[in-house]
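Structural overview for review
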Amino acid sequence: MEPAWRQQGKGRGRGSAGSGERSRPPQKEERPGAAAAAAPAPSKPAPPAGVWGGEERGGGAGGGRGAGAGGGAGGKAGAKRVAEGRGRGEGKGGAAAEGSKGGEGRGGGKTNNIPSAKNEQSLTVQSKFEEIRKSNMVAAQRLVQSHYSSSSDDEEDEEIGTRDVKKGKILASTFTTYTVQTGGDVNGLERTNQYVSELFQSGAVTCLICIASVKRIQAVWSCGGCYSLFHIPCIQKWAKDSAFLVSSVTDEDFGQKQHPWPCPKCRTEYPPSATPNRYVCYCEKVQDPPVDPWLLPHSCGQVCERPLTPSCGHTCLLLCHPGPCPPCPKMVHVACMCGKGRPLPRRCSNKAWSCQQRCGKMLPCKQHSCTQQCHSGPCAPCPRVSVQKCVCGREQTERECASPSWNCKQVCGGVLSCGNHTCDRECHGGLCGACPRTGERACPCGKSKCSRPCTEEVGTCGDTCDRPLTCGIHTCSMRCHHGNCETCRQEVERSCRCGRYSRVVPCHKEYLCDTKCPNTRSCQRHQCRRKCCPGNCPPCDQNCGRSLGCRNHKCPSICHQGACYPCPETVQVKCACGSSCLVVPCGRERCTKPPRCKELCRSPASCHHPSREDHRCHQEACPPCRQPCLLALTRCKHACPAPCHDRVLIKSQQAKVAGPWEQPTEPAFVQKALPCPPCQVPIPTSCLGEHEVSPVPCYKRGPFTCKRPCGRLLTCGNHTCTKECHTVSKGNKSGCEECEVGCCKPRPRGCPHPCSLRCHPGDCPVCQQMIRQRCHCKITLIYVECTKLQSADRESKIQLASCNNQCPKELSCGHRCKQVCHPGQCEEICQQKVKVRCPCKRIKKEFPCAKLQEDQSLVECDSTCKQHLQKASQLKEEEEKAAKEEEQKKLQAECEAFEKRQKGRRRERRRKGEVEEERESWAKYKLFLLLPVCGVALAAAVYYLM
């Protein structure tokens with residue numbers, strides 16, 4: 001299947017049939033060097049000039065890209081009409097692009113004739129519908145092919161393989177110019193090649209933050225340290241979360257400081273201002289680079305032009321690419337590292353070269369010159385030895401020229417400027433300096449100062465000394481005095497060295513407890529066991545004593561951490577005979593093959609032969625003897641022709657495994673002496689039945705069977721002996737088998753039974769078998785002699801087949817047949833008597849069944865039957881009247897009881913209504929009655945009060 005950018009109708013952008021076009025202005029031309037370094041794109045011929053209706057883009061490696069189908073070396077901006085769409089393509093050195101028919105492409109031209117919105121929308125919808133229909137058809141065909149043929153998978157694999165090969169060839173041709181010339185280095189190109197090849201593969205690049213594939217159309221950011229690609233939203237969230245976490249842990253005033261954020265892969269730190277907020281290409285020239293199928297994903301297609309590392313003044317010549325820039329491919333004329341050789345053309349990235357001549361530069365010792373070959377950087381220190389004087393010049397000794405300055409241990413002793421004292425410093429250079437006793441001097445405690453000659457001593461001041469004692473805590477309590485202060489004798493509470501216990505002791509004494517340190521020493525094997533250890537355990541002083549890698553000696557060093565040094569001993573590895581030997585380090589003798597020896601093997605023979613076959617000296621066991629055995633066999637005295645079998649490797653029997661948890665052991669082989677094989681000398685011998693004479697091996701000598709059938713006639717006179725060839729005496733057939741086949745002679749006509757005798761001579765006896773068959777009525781089994789049945793006539797056969805019982809079949813009237821068991825159908829005239837009644841069931845008579853079938857109305861009712869019927873109807877009417885009267889009485893009683901209940905309820909309702917009316921009337925007129933009464937009461941009260 002072709003790539004998307006080559007399929008018809010699958011470009012990017014929008015186009016419409018019949019619309020006009022306008023050529024795009026040509027872009028800036030690329031540098032000529034960019035074509036050599038860029039990855040070459042496959043060139044395609046320009047479409048024919050007869051197509052129309054759209055716009056297409058193309059570009060050439062020697063120039064820019066222009067709108068039109070023919071992008072050549074100069075980047076021509078010609079526009080060619082393509083059917084119903086726009087396409088885009090690039091080529092190298094020639095026209096490159098394919099138009100797309102019936103689809104959409106990408107183009108930047110503007111149309112002159114603008115159709116209506118409805119027409120454009122309808123055309124766009126129709127083109128999209130056609131694209132979807134075609135893609136569905138292709139998918140259906142692919143599904144059918146995957147189900148019914150397996151060859152298509154192989155073809156796809158081959159296509160993918162050829163594509164990968166082509167891609168590898170393109171990348172190899174791209175980086176060839178970096179390595180074909182002198183001084184090329186392939187190592188610097190491996191990383192760039194890897195990043196470029198990963199971008200060509202779909203789904204090969206993964207964002208390490210969201211663990212999703214980086215697609216061509218997504219905005220990404222590339223790390224400057226590891227060159228990994230991340231989605232811009234992912235890296236922005238990562239930077240924000242990283243700064244937030246660091247600030248929440250370290251800042252007291254949360255969020256006030258600006259913390260850097262690291263790369264998720266290489267941990268390269270970036271300032272907060274470097275958080276990516278825009279999508280740029282790899283060379284950072286173009287923002288939001290457009291998606292171009294002819295270019296690498298996320299690339300702008302321009303020359304990289306980033307400064308190369310290490311800095312050489314040149315820039316990268318590849319097109320915008322991921323990963324680090326490859327080494328500089330420029331050719332420069334440079335001299336050798338020492339400057340003596342003439343300049344040669346060299347690759348800029350590998351321009352340092354050596355002329356292999358002596359350097360000859362003067363060393364810092366100013367006595368010798370550098371003897372190394374032409375090299376880079378400063379010369380090594382002088383390795384020679386010469387007589388060098390010390391700084392004061394009193395002593396001299398042989399020392400390395402690289403370190404000429406040294407000091408002896410003698411005191412200077414020079415007279416100082418005062419003329420009274422001498423210099424007490426050790427060997428030094430320059431002047432001794434002024435006398436330290438001149439000028440103002442202080443008393444021993446340093447509290448009072450005075451000026452006196454250097455020959456006089458300064459007296460004490462009489463004040464307290466107050467100089468700090470050696471403990472560093474207390475001061476001297478004596479009066480000002482010469483010399484050192486005494487030891488501090490104050491008692492203080494002091495902790496021991498390990499800090500576990502404390503005690504009151506004199507200040508100048510150290511308190512140590514008796515606790516032994518349980519920590520392990522630096523060797524990580526032995527405990528410290530030092531009393532009152534503060535934690536800084538001393539190094540282990542025991543011998544290592546571990547077995548070295550040779551497994552023969554022990555490490556003599558002091559106990560240490562890590563692996564021991566290899567064994568310094570050597571061992572001789574000799575061949576089997578000891579003529580040749582090798583000297584190898586101790587321990588290597590197990591994995592070192594013995595030397596090859598040209599001498600013959602001296603091992604004695606381990607079989608009955610006097611000597612072995614000639615072969616060279618070897619380390620393993622001698623090969624098995626291949627000489628013929630030639631020992632006399634015990635039975636026939638022939639010589640054994642087999643190879644020697646005195647010591648043969650035989651697999652020993654393995655012990656049975658107790659269960660699946662035990663693994664079976666490998667089979668062991670044991671050397672054993674095998675007996676001589678049977679003698680194979682052929683001897684002519686006749687078979688037992690004397691059918692043939694064949695050569696028989698000597699160990700099978702004697703009568704034998706030829707495996708053929710015997711073929712002699714048996715006693716029955718009908719068959720032959722089928723046993724294998726066997727011994728039979730003349731005239732006696734007792735050795736042959738007995739005929740056990742049944743009699744195969746034809747039976748009399750009609751007899752289905754075989755002969756009960758075995759195969760016999762003469763006629764067969766009369767058949768005495770009984771034939772079992774069903775009677776005519778198919779109920780009873782009857783046994784008849786075969787001879788009687790076959791010799792009887794037709795009537796006798798019918799009588800023999802009858803069971804002499806009544807026929808069980810039913811007639812059409814429902815009665816049983818009265819005849820004896822007979823063949824065929826029964827007679828339909830039934831003589832069974834049937835009882836018949838009149839319609840009222842009072843009169844009963846008997847008639848034959850056959851007569852009843854002819855006439856059904858044989859018995860009719862008389863006058864007596866009619867009288868009985870009338871009486872019965874009158875009784876029914878009277879009973880019905882009595883029942884109706886009883887029902888009416890019950891209904892009348894129920895109605896009266898209901899009316900009584902209704903009267904009682906009405907009386908209760910009337911009483912309740914009267915009470916409610918009284919209450920309502922009182923509520924209405926209550927105020928009218930109470931107001932006058934209250935007024936009279938108030939007036940009376942006022943009257944009495946007044």
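Quick caveat: nothing in here was measured; it's all calculated off a predicted structure.

Our focus in this paragraph is the overall build of the chain. Assigned secondary structure in the chain consists of 9 helices and 27 strands. Counting the 946 residues in the chain, one finds 27% classified as buried. For the chain, the proportion of contacts with a sequence separation of at least 24, taken over those separated by at least 6, is 32%. Accessible surface computed for the chain: about 65600 Å², of which carbon and sulfur atoms make up 51%.

Okay, the side chain of His 822 next. Topologically, His 822 is positioned in the loop between helix H7 (794–800) and strand S26 (833–837). Engagement of the side chain of His 822 in a polar contact is seen with the side chain of Gln 819, the distance being 3.5 Å. Excluding residues within four positions of it along the chain, His 822 makes contact with His 776, Cys 807 and Cys 817.

On the surface, a cluster of positive charge is made up of Lys 900, Arg 901, Lys 903, Arg 905, Arg 906, Arg 907, Arg 909, Arg 910, Arg 911 and Lys 912. Residue position: Lys 903 is located in helix H9 (residues 863–945).

In this section: the packing of aromatic side chains. Two measures describe an aromatic ring pair: the distance that separates the ring centres and the angle between the ring planes. Using the criterion set out here, one finds 4 aromatic pairs in the structure. Three or more aromatic residues link up through ring pairs in this structure, and these residues are Trp 221, Phe 230, Trp 261 and Tyr 270.

The next thing to look at is the pattern of salt bridges. What the rule picks out here adds up to 7 salt bridges. Each of the salt bridges in this network shares a partner with another, and the network as a whole consists of Lys 447, Asp 463 and Asp 466.

A few words now on the pairing of strand S13 (residues 396–400). Direction of pairing for strand S12 (residues 385–389) relative to S13: antiparallel, over a ladder of 5 bridges. Across the sheet, residue Gln 388 finds its bridge partner in S13, namely Thr 397.

Let us now look at a nonpolar patch on the surface. A cluster of nonpolar side chains, contributed by Trp 922, Tyr 925, Leu 927, Phe 928, Leu 929 and Leu 931, occupies part of the molecular surface with about 760 Å² of accessible area. With respect to the element layout, Leu 927 can be found in helix H9. Judged by its relative accessible area of 58%, Leu 927 is exposed.

Quick look at a negative patch on the surface now. Judged by side-chain charge, Glu 914, Glu 916, Glu 917, Glu 918 and Glu 920 come together as a negatively charged surface patch. Topologically, Glu 920 is positioned in helix H9. Glu 920 sits in the exposed class, given a relative accessible area of 51%.

What follows deals with the nonpolar core. Grouped burial of nonpolar side chains is what soluble globular proteins tend to show. Membership of the largest hydrophobic core comes to 35 residues, with the highest contact counts inside it found for Trp 221, Cys 223 and Phe 230. It is helix H5 (residues 232–250) that contributes the most residues to this core, 4 residues altogether. Setting aside its immediate chain neighbours within four residues, Phe 230 contacts Cys 207, Leu 208, Ile 209, Ala 219, Val 220, Trp 221, Cys 223, Ile 235, Cys 263 and Pro 264. If you look at the next biggest cluster of nonpolar residues, it comprises 14 residues, including Leu 811, Cys 830, Val 836 and Cys 838.

To continue, consider the environment of Val 571. Structurally, the position occupied by Val 571 is in strand S18 (residues 570–574). Residues Val 571 and Glu 589, 18 residues apart in the sequence, show an inter-C-alpha distance of 7.0 Å. Sequence-distant contacts of Val 571, that is, excluding residues within four places in its chain, are made with Leu 582, Val 583, Val 584, Pro 585, Cys 586 and Glu 589.

The next point concerns the pairing of strand S27 (residues 844–848). Inspection of the sheet shows S26 paired to S27 by 5 bridges, in the antiparallel sense. Its bridge partner lying in S27, Val 834 is registered against Phe 847. Where S26 folds back onto S27 in an antiparallel hairpin, the turn is made up of 6 residues, including Lys 841, whose phi is positive at roughly 70°.

Any segment with low pLDDT has predicted coordinates that should not be analysed in fine detail. The share of residues in the chain with pLDDT of 70 or more is 77%, and the mean pLDDT across the chain is 74. Below a pLDDT of 50 lies the segment residues 1–118, which in the model reaches 259 contacts outside its immediate sequence neighbourhood of four places, other chains included. A low-confidence stretch, residues 146–161 stays under pLDDT 50, and its non-local contacts, those more than four residues away or across chains, total 2 contacts.

Conventions used here
Residues numbered from 1 in each chain as written. Predicted model: local features only at pLDDT ≥ 70, side-chain atom pairs only at ≥ 80, totals over all residues. Heavy atoms only, no water. Helix = DSSP H or I, 4+ residues; strand = E, 2+ residues; numbered from the N terminus. Buried < 20%, exposed > 50% of the residue type's maximum accessible area, 1.4 Å probe, protein only. Contact = heavy atoms within 4.5 Å. Areas by Shrake-Rupley, 256 points an atom, 1.4 Å probe, with all protein chains shown as cover. Polar contact = N/O pair within 3.5 Å; in protein donor to acceptor, adjacent residues only side chain to side chain. Patch = residues over 30% accessible without salt bridge, like charges linked within 9 Å, V, L, I, M, F, W, Y side chains within 5 Å. Salt bridge = Lys/Arg side-chain N within 4 Å of Asp/Glu carboxyl O. Lys, Arg positive; Asp, Glu negative; His and termini not counted. Charge placed at Lys NZ, Arg CZ, Asp CG, Glu CD. Phe/Tyr/Trp six-rings, centres within 6.5 Å; stacked < 30°, edge-to-face > 60°. Pairing = 2+ DSSP bridges. Core = buried A, V, L, I, M, F, W, Y, C linked by side-chain atoms within 4.5 Å. pLDDT = per-residue confidence, 0-100.

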